[in-house]
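Residues per chain, in single letters:
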Amino acid sequence: MKGLIHIYCGEGKGKTTAAVGLAVRAAGAGKKVLFVQFFKDGSSSEIPPLEALPGVELGLCRTRRGFYFQLDEAGREAARQDFSSLLESALRRAEEGVDLLVLDEAFSACACGVIREERLLEFLRAKPEGLEVVLTGRGPSDRMLALADYITEMKKLRHPYDKGVPARRGVEY
């Protein structure tokens, strides 16, 4: 079966949730899943159940740095090194024999320059034939959109955060 490329993007809630759902479905079908997160430190509530699922491997950077826009140049350089290394490790692992590769917050990582979009595009153009790939985040480039087979945009119509309600564990993270 030919693997396809999925994009879950937009300003609304649900991008990571959709990616987790597909990872669970693939694992339930006996597929090997590699779920990689950028800009998240492994403390989100989806991580423990994913870790417990047979066939699911996680790629995480557990270093807690805070928001990228708040980092000084040394912090940004450390993030670039960590996330570039995480991406390269994930791409190598995907080429070794994974059925589904999820790159959560890949578009944010590209936009901030902590991973090179050109490297990701190069991989997607030459990915293993049967590899299914999911990319999430806000603001995918036109070049990324052109490669996708599925594009789902999450559109925020209303969100409690706009009224000052902070993110809630188990719902937003």
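Before reading further, recall that the structure is shown in the block above.
Presented here is an overview of the structure given in this document. This one's a predicted model, so the numbers in the text were calculated from it and none came from an experiment.

Here's the deal with the overall build of the protein
Logical step 1: Summing up its helical and strand segments, the protein has six helices and six strands in all.
Logical step 2: Taken from N to C terminus, the helices and strands of the protein fall in the order β-α-β-α-β-α-β-α-α-β-α-β.
Logical step 3: For the protein, the C-alpha radius of gyration of 16 Å lies close to 16 Å, the compact-globule estimate for 173 residues.
Logical step 4: With respect to the principal axes defined by its C-alpha atoms, the protein has extents near 45 × 35 × 30 Å.

Quick notes on the packing of aromatic side chains
Logical step 1: Taken as a whole and assessed by the stated rule, the structure comprises two aromatic pairs.
Logical step 2: Taking 5.9 Å as the distance between ring centres and 70° as the angle between the ring planes, the aromatic pair formed by F38 and F83 counts as edge-to-face. Of this pair, F38 sits in the loop between β2 (33–37) and α2 (47–52) while F83 sits in helix α3 (residues 73–97), placing them 45 residues apart in sequence.
Logical step 3: Residue F38 is classed as buried on the basis of its relative accessible area of 0%.
Logical step 4: In textbook terms, an aromatic cluster arises when at least three aromatic residues are bridged by ring pairs, as seen for F38, F39 and F83.

With respect to the pattern of salt bridges
Logical step 1: One pass over the full model with this rule turns up 13 salt bridges.
Logical step 2: Between E88 and R119 there is a salt bridge; the shortest N-O distance is 2.8 Å. Here E88, found in helix α3, pairs with R119, found in helix α5 (residues 117–125); they are 31 residues apart in sequence, far enough to count as distant.
Logical step 3: Overall, the relative accessible area of 25% leaves E88 in the partly exposed class.
Logical step 4: Taking relative accessible area as the criterion, R119 reaches 18% and is therefore assigned buried.

A look at the side chain of D104
Logical step 1: Looking at the secondary structure, you find D104 in strand β4 (residues 100–104).
Logical step 2: Polar side-chain contacts of D104 include one of 2.5 Å to the side chain of T136.

Points about unusual backbone geometry
Logical step 1: Within the chain, F39 stands out as a residue other than glycine whose phi angle is a positive 65°.
Logical step 2: By the secondary structure assignment, F39 is in the loop between β2 and α2.
Logical step 3: Classification of F39 by relative accessible area gives partly exposed; the value is 29%.
Logical step 4: Despite not being glycine, E105 has its phi angle at roughly 70°, a positive value.
Logical step 5: By secondary structure assignment, the location of E105 is in the loop between β4 and α4 (106–112).

Observations concerning the nonpolar core
Logical step 1: Core analysis: the biggest nonpolar cluster contains 33 residues, and F38, L101, L103, L120 and L135 have the highest contact counts within it.
Logical step 2: Counting residues per element, this core draws most heavily on α3, at seven residues.
Logical step 3: The contact partners of L135, leaving out residues within four places of it in the chain, are I5, H6, I7, Y8, L103, A106, F107, L120 and L124.

Structural notes on the pairing of strand β1 (residues 5–10)
Logical step 1: Counting buried positions over the six residues of β1 gives six, a clear majority of the element.
Logical step 2: Judged by which residues are buried, β1 turns out to be covered on both faces: I5, I7 and C9 on one side and H6, Y8 and G10 on the other are all buried.
Logical step 3: Here β1 runs beside strand β5 (residues 132–137); their pairing, made up of five bridges, is parallel. Across the sheet, residue H6 finds its bridge partner in β5, namely V134.
Logical step 4: In this structure, β1 lies alongside strand β6 (residues 150–154), joined through five bridges in parallel fashion.

Calculation criteria
- Residues numbered from 1 in each chain as written.
- Predicted model: local features only at pLDDT ≥ 70, side-chain atom pairs only at ≥ 80, totals over all residues.
- Heavy atoms only, no water.
- Helix = DSSP H or I, 4+ residues; strand = E, 2+ residues; numbered from the N terminus.
- Rg over C-alpha atoms; globule rule 2.2 N^0.38 Å.
- Phe/Tyr/Trp six-rings, centres within 6.5 Å; stacked < 30°, edge-to-face > 60°.
- Buried < 20%, exposed > 50% of the residue type's maximum accessible area, 1.4 Å probe, protein only.
- Salt bridge = Lys/Arg side-chain N within 4 Å of Asp/Glu carboxyl O.
- Polar contact = N/O pair within 3.5 Å; in protein donor to acceptor, adjacent residues only side chain to side chain.
- Core = buried A, V, L, I, M, F, W, Y, C linked by side-chain atoms within 4.5 Å.
- Contact = heavy atoms within 4.5 Å.
- Pairing = 2+ DSSP bridges.

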